[in-house]
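Geometric and topological summary
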Amino acid sequence: MNMLLGRQTRVLAAITATAGLVLVSACTSTDDGGSGSKTAAGGVELVKAGQLTTCTHLPYPPFQSEKDGKYEGFDVALIDLVAKDLGVKQSILDTPFENFKTGAFLNSNQCDLAAAGMTITEERKKNVDFADPYFDATQAVLVDKKSGVNSLADVKSKNVKLGAQAQTTGEEYVQKKGFDPVSFESSDAVLNGLRAGQVKAVVIDYPVVQGWLKNKANADAFKVVDNLNTGEQYGFSVKKGNAKLVAAINKVITGAKADGTYKKLYEKWIGPYDDSAASPSAS
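Attention in this report is confined to the structure presented alongside it. One numbering rule holds for all chains: residues counted from 1, following each sequence as written. Residue-level local features of this predicted model are given only where pLDDT is at least 70; pairs of side-chain atoms are given and counted only at 80 or more, and the full residue set underlies all totals for whole chains, interfaces and linings. The side-chain values count all of the structure's non-hydrogen atoms but skip hydrogen atoms and water molecules.

**Considering the overall build of the protein**
- Numbering goes from the N terminus for both helices and strands, where a helix is a DSSP run of H or I of at least four residues and a strand is a run of E of at least two. Broken down by element type, the protein carries 11 helices and 14 strands.
- Working definition: with a 1.4 Å probe on protein chains only, accessible area under 20% of the residue-type maximum means buried, over 50% means exposed, and in between means partly exposed. A total of 283 residues make up the protein; the buried ones form 52% of that total.
- With an accessible surface of roughly 12,400 Å², the protein has 49% of that area assigned to carbon and sulfur atoms. Shrake-Rupley sampling with a 1.4 Å probe provides the accessible areas, and residues are treated as covered by the protein chains on show and by no other component.

**A closer look at the sheet that holds strand β11 (residues 182–184)**
- Strand order in the open sheet formed by five strands is β11-β10-β12-β9-β13, and the pairing between neighbours is mixed. The open sheet has two free edges, formed respectively by β11 and β13 (222–234), since each of these has just one partner strand. Averaged over all neighbouring strand pairs, the angle between strand axes comes to 25°, with direction disregarded. For two strands to be treated as a pair, DSSP must find no fewer than two bridges joining them. All axes here are fitted lines through C-alpha atoms, helices being fitted over the stretch that makes contact, and every angle between N-to-C directions spans 0 to 180 degrees.

**Considerations on the packing of helix α1 (residues 74–86) against helix α11 (residues 261–269)**
- Axis separation between α1 and α11 bottoms out at 9 Å; the angle between their running directions is 155°. With respect to α11, the element α1 is oriented roughly antiparallel. As for the relative orientation of α1 and α11, their crossing is right-handed in sense. For the pair α1 and α11, contact is made by Phe74, Ala77, Leu78 and Leu81 and by Thr261, Tyr262, Leu265, Tyr266 and Trp269, respectively. When an angle is under 35 degrees it counts as roughly parallel; over 145 it counts as roughly antiparallel; between 65 and 115 it counts as roughly perpendicular; any other value is oblique. Crossings are assigned a handedness: left-handed for a near helix turned anticlockwise from the far helix by less than a right angle, right-handed for a clockwise turn. The criterion used for residue contact is that any of the two residues' heavy atoms lie within 4.5 Å.

**Side note on the state of the cysteines**
- Any cysteine sulfur atom paired with another within 2.5 Å is treated as part of a disulfide. The final tally for this structure, using the stated rule, is one disulfide.
- Here Cys55 is linked by a disulfide to Cys111, with a sulfur-sulfur distance of 2.1 Å. Taking the torsion about the sulfur-sulfur bond, which here is approximately 70°, the covalent link between Cys55 and Cys111 counts as right-handed. Here Cys55 is found in strand β3 (residues 51–56), whereas its partner Cys111 is found in the loop between α3 (104–107) and β7 (113–114), with 56 residues between them in sequence. Residues Cys55 and Cys111 agree in their burial class; the two are buried.

**A few points about empty space enclosed by the protein**
- As defined here, a cavity is a set of points on a 1 Å grid over the protein atoms alone where a 1.4 Å probe fits but cannot get out. A pocket is an open set with protein on both sides within 12 Å along at least five of seven lines, and residues line them when an atom is within 4 Å of a point. Grid points are joined across faces, edges and corners, and a volume is the space filled by probe spheres set on the points. Volume-wise, the largest cavity comes out at about 80 Å³.
- Contributing to the lining of the largest cavity are Tyr60, Phe97, Ala116, Gly117, Met118, Thr119, Arg124, Gln165, Thr168, Thr169, Asp205 and Glu232.
- Tallied by class, residues from the lining of the largest cavity come to four nonpolar, five polar and three charged.
- Approximately 30 Å³ is the volume attributed to the second largest cavity.
- Along the walls of the second largest cavity sit Tyr60, Gln139, Gln165, Thr168, Gly170, Val203, Ile204 and Asp205, which together make up its complete lining.
- In terms of residue count, the dominant contributor to the lining of the second largest cavity is strand β12 (residues 201–205) (three residues).
- Under this grouping Gly is polar, as are all residues other than the nonpolar Ala, Val, Leu, Ile, Met, Phe, Trp, Tyr, Cys and Pro and the charged Asp, Glu, Lys and Arg. Class assignment of the residues belonging to the lining of the second largest cavity gives a composition of three nonpolar, four polar and one charged.

This is the structure in structure tokens:
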């Protein structure tokens, strides 16, 4: 997820037999310089000394994905700024997306924060604390150009099979509209389902669709026919009560917006910059 990251070789380590997951360093080595201290700048307590451990769910470009053995994306770059401010390096733990509803890996001290292009919702707030919103998002309806579909309403009236990523606000939105979408595990699986003809239309975050359509083959085959303004805002989440880490995240994001760093990262990973993106209303 770039010029700000400066990562080196990936570091693999088993987490737990039950989790069946792999922890991969998203930056450089997680050596803490021998201090062994889990307290970072500003008195922020970390789950592992010398590193800011981020839970995410891969892949989800342009927010987080893996390329050539390194992680990259908008979320990754922003959290790298937070880690740098704390005087540590970021490491990434790939977890099931369902984890972000429950905050399980945060509350069990396996991660310091979660960053996954994640919408702030009242349900999630019951289990985790969110930093200030850092991104306003909409949902896009992407269809096969041969489908004859020109809107979300057409999907229903023409009985076209619709797909969405499981456990996401996009899936929840269309379910509330009376759809029974095919659920896919990841954003890549959503696109592959569309390519393979398992579904003829999908609903997913618009920035993700923007990334897909940068590929000429995708742009030739698919088109956006609807943009659904659901009032969604993304936020980074932490364990309940971790006010110091929330403050550290807010400080860095506010500073990045003020000095132009946020704008540069937005244009690099998301697309054309709109001033409203830098000042989302409070969630």
